[in-house]
Amino acid sequence: MKKVVKVSIGNIAFTIEEDGYLVLKGYLEELNDHYRAKQNGNEIIEGIEERMSELFIEKAGKDAMVTLPVVKEVIGILGRPDDIDQEADSATGSYSSASAQQSSAPKRVYRDPDHKMIGGVCSGLASYFNIDIAIVRIIFLVLLFFSAIPHLFIPPFVNLHFFGGSFITIVYIILWIAIPEAKTMEQKFAMRGQKPDLSNIQRNVENGMNNMGRNIRSAGRNSAPVLNDFFRVIVKIIAIFFIIFSVSGILMLSFMFLGAEIFKGFIPLDILDYVQLGINSTIWLKISALAFFFLPLIGMLYGGIQMLFDFKKSKFRPGLIIVILWIISGFAAATLSVKAARPYFQQGREVSDVPMLSKSDTIYIKLASATAMPQTKVMMEGDESDMTLFWVDESGADRKFVAFPKVRIVRQSGDEARSLNLRTQAFAYTSGEAMIKAQKNLPAFELTDSLLTIHPDVYNKTNKWDGTNKTIALYIPDSVKVIVQEPLKFAFDTNMRIHSGWDWCWGNEDDWNMNHRRNWNWNRGWYHDSDND
Amino acid sequence: MTDINTDNVKSQMRKGVLEYCILSILNNNDAYASSLIEELKNAKMIVVEGTLYPLLTRQKNQGLLSYRWEESPQGPPRKYYSITDKGKELLAEMDSAWKELVQTIDLIRNNKL
């Protein structure tokens, strides 16, 4: 004889076989465990129990014995908590613990083609680690920067590589090759650790469509179109600002780097060819520097035009290409600049005194040059009784820069011995080299009685300027007048003052009228009358 | 490996509209849970019957439906569900949303969007 158990289910008494009862008990405990903690969970349990009683009556008859197969059948009809939740749970559901487990799947790392900038490595990693793409990208950029630092800041012993930041670039490329791209829907879900079931698809679609949905919804209301138009106008204004800013920027930079002819046919960038640098060819420095300055403006112009006319993005992703080129050019320009500056790392000085035996009350200075000083385009640095003269000789086939030592007049008391003080400052990679260079390079002059003839240094493309600067200081009493005889016919006396600073000077012969020249304010560019001074 | 089986997709699709169905049925007549189950099962909207109860409880908590106790064919009093005014309001919104959804899907399917 089989043992039976009498139970009350849904306020109806049933007689159940013991094995069936045990199964039923297990099921009810399962329900209880699952729903007890939920809001009004007991109602759910009660409801299911009631339905169970109805089903028992239906399957077994009102007063018949409930057998194990009936219990199993009824449990199958009612469903276990997991089945119920899976079916009952919608987006608003709160009974979701089981379904959350259901829809998760093993995570795999994939490259994300839908959010990629370059290869989708960063976006794929962001999906995998469930963090914001921006954070991953910033980490990569910071690493890019730091892997370039040794090249930027430890130049003397390390041979500079053209492109710093190569380490992280290589890492990126390896990841690009190694990580597969998420091509199918399934892979895209696996990338986020989700199963491609409908609720996940729905959730992703909802997230993606959120903005669109908002627009559609708001379009129905009266105020919405105004708001939309308002934003569209803002975008257009920004676009126009971008265009104006970038165009004027491009014009300005063009003028600065390429357009402004300082001397005939000579653009500012060409100065690099007349300066001794630590690099053999300046072409890459020029290109990278130009790219670095121009690319953001070009990108801005492109973005502005795209925003203004709303045209479709090109397949070639010009914005991205510009960003990449800009980063590359930035590193190239920075590393090349450091390398180019190598001959200027250390400086050396040489000082030498030459007694002046002449007791004359006037000293004549002759600036001896193989070629005549041009009437125009002379650069001069002036200071109180202190001047540098510099001009460009364009008479020959090759352009030459003619630079005279700085001439300084130091007034002293009458009884002190007159002297010429020669100084040279030179630059080189090491201090020793710089000192030797300075020693070999004292200002060239001849002193005969009261006439001081000063010789210039001439620089051209083969004999490049290397930063060497020279000074001849005249230690003479207050009473001695200094006349720059040739070619300036420029007189220094005790009251004479040339203002500090230097300036580009160009103009016609009238501007360079000898009578006016000595009162030219080099700094501000105006004349004043010395008699009123 | 995961694979999308059609049953799963169907059940996922049904999920979203189950509550809509319950409100619709109750809008026509007040009903016992058992008759709701019958209708939903006939319509193949649910597979396991237990599904209904969490949904009813949830909708009751949201004030969309209410119940009173009434004598049942089986004897003891059972909950007799009816839709509330709030439920009717939501149902009206659901109706229009449903129409919109059907239209949109038609448009998408016919490639007219």
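Residues numbered from 1 in each chain as written. Chains lettered and ligands numbered in written order. Predicted model: local features only at pLDDT ≥ 70, side-chain atom pairs only at ≥ 80, totals over all residues. Heavy atoms only, no water.

Let's shift gears to the overall build of chain B. Each helix and strand counted, chain B has 4 helices and 3 strands in total. Moving toward the C terminus, one meets the helices and strands of chain B in the order α-β-α-α-β-β-α. Considering chain B as a whole, with its 113 residues, one finds that 42% of them fall into the buried category. For chain B, the exposed area adds up to about 6500 Å²; of that, 52% sits on carbon and sulfur atoms. (Helix = DSSP H or I, 4+ residues; strand = E, 2+ residues; numbered from the N terminus. Buried < 20%, exposed > 50% of the residue type's maximum accessible area, 1.4 Å probe, protein only. Areas by Shrake-Rupley, 256 points an atom, 1.4 Å probe, with all protein chains shown as cover.)

One pass over the structure, following the stated rule, counts 2 cavities of 30 Å³ or more. In this structure, the largest cavity occupies an estimated 110 Å³ of space. Of all the secondary-structure elements, those providing two or more residues to the lining of the largest cavity are α2 (41-60) of chain A together with α2 (33-42), α3 (52-61) and β3 (75-83) of chain B. Ranked by the residues each element gives to the lining of the largest cavity, the list is headed by α2(A), at 4 residues. Of the residues that constitute the lining of the largest cavity, the class distribution is 5 nonpolar, 3 polar and 5 charged. (1 Å grid on protein atoms, 1.4 Å probe; cavity = no way out; pocket = protein on both sides within 12 Å on 5 of 7 lines; lining within 4 Å. Points joined across faces, edges and corners; volume = space filled by probe spheres on them. Nonpolar A, V, L, I, M, F, W, Y, C, P; charged D, E, K, R; others polar.)

What follows concerns the sheet that holds β3(B). Here we have 3 strands laid out as an open sheet, ordered β1-β3-β2 (chain B), and antiparallel in their pairing. Each end of this open sheet is capped by a strand with a single partner; those strands are β1 (31-32) and β2 (65-72) of chain B. Note that β1(B) and β3(B) share 2 bridges and pair antiparallel. Note on β3(B): the bridge partner recorded for Ala31(B) is Tyr81(B). Across the sheet, α2(A) lies against β2 and β3 of chain B, angled at about 125 degrees from β3(B), the strand it touches most. (Pairing = 2+ DSSP bridges. Contact = heavy atoms within 4.5 Å. Axes fitted to C-alpha atoms, helices over the stretch in contact; angles between N-to-C directions.)

At a minimum axis distance of 9 Å, the contact between α2(A) and α3(B) shows a crossing angle of 135 degrees. Overall, the two elements α2(A) and α3(B) adopt an arrangement that is oblique. Here the hand of the crossing between α2(A) and α3(B) comes out right-handed. Contacts between α2(A) and α3(B) involve Glu43(A), Ile44(A), Gly47(A), Ile48(A) and Arg51(A) from the former and Tyr53(B), Pro54(B), Thr57(B) and Lys60(B) from the latter. (Parallel < 35°, antiparallel > 145°, perpendicular 65-115°, else oblique. Left-handed = near helix turned anticlockwise from the far one by under 90°.)

Here the focus is the side chain of Glu50(A). Following the sequence through the fold, Glu50(A) ends up in helix α2. Beyond its immediate stretch of four places on either side in the chain, Glu50(A) contacts Gly10(A), Trp69(B) and Arg78(B).

Residues and elements named next belong to chain A. Residue-level pLDDT values for chain A average 72, and 68% of them are 70 or greater. For the stretch residues 375-384, pLDDT sits under 50, and the model shows 47 contacts to residues farther than four places along the chain or on other chains. Considering only residues more than four positions removed or in separate chains, one finds that residues 489-533, a stretch of pLDDT under 50, has 91 contacts. (pLDDT = per-residue confidence, 0-100.)

Going through the model one piece at a time under the given rule, you end up with 14 salt bridges over all chains. We note a salt bridge from Glu73(A) to Lys59(A), for which the minimum N-O separation is 3.4 Å. Of this pair, Glu73(A) sits in helix α3 (residues 68-78) while Lys59(A) sits in helix α2, and the two are 14 residues apart along the sequence. Classification of Glu73(A) as partly exposed rests on a relative accessible area of 39%. We classify Lys59(A) as partly exposed; its relative accessible area is 34%. Across the salt bridge formed by Glu70(B) and Arg68(B), the nearest N and O atoms sit 2.9 Å from each other. Bridged by salt links that share partners, the residues Arg51(A), Glu54(A), Lys41(B), Glu49(B) and Arg78(B) form one connected network. (Salt bridge = Lys/Arg side-chain N within 4 Å of Asp/Glu carboxyl O.)

All names here are of chain A. For strand β10 (residues 419-428), the tally of buried residues reaches 9 of 10 residues, placing the bulk of the element in the interior. Sheet topology places β10 next to strand β14 (residues 469-477); 7 bridges connect them, and they run antiparallel. Opposite Asn421, over in β14, you have Ala473 as the bridge partner.

With that settled, the discussion passes to the packing of aromatic side chains. Taken as a whole and judged by the stated rule, the model has 12 aromatic pairs over all chains. An aromatic cluster is defined as three or more aromatic residues linked by ring pairs; in this entry it consists of Phe241(A), Phe242(A) and Phe245(A). Arg342(A) extends its terminal NZ or CZ atom over the ring of Tyr429(A), reaching a point 4.6 Å from the ring centre. Taking NZ or CZ as reference, Lys79(B) lies 4.8 Å from the ring centre of Tyr67(B), over its face. (Phe/Tyr/Trp six-rings, centres within 6.5 Å; stacked < 30°, edge-to-face > 60°. Lys NZ or Arg CZ within 6 Å of the ring centre and 35° of its normal.)

Let us now look at unusual backbone geometry. Positive phi, normally seen in glycine, also occurs at Asp449(A), with a value near 55 degrees. Turning to its location among the elements, Asp449(A) is positioned in the loop between β11 (445-448) and β12 (451-454). Since its relative accessible area comes to 59%, Asp449(A) is described here as exposed. With a phi angle near 60 degrees, Lys44(B) is a residue other than glycine that sits in the positive phi range. With respect to the helices, strands and loops of the structure, Lys44(B) is situated in the loop between α2 and α3.

Residue and element names in this part refer to chain A. Relative to the elements of secondary structure, Ser360 occurs in the loop between β4 (346-355) and β5 (362-367). For Ser360, a relative accessible area of 22% puts it in the partly exposed group. Sequence spacing of Ser360 and Lys481 is 121 residues, and the spatial spacing of their C-alpha atoms is 9.3 Å. Every residue in contact with Ser360, bar those within four places of it in the chain, is listed here: Arg418, Ser450 and Val480.

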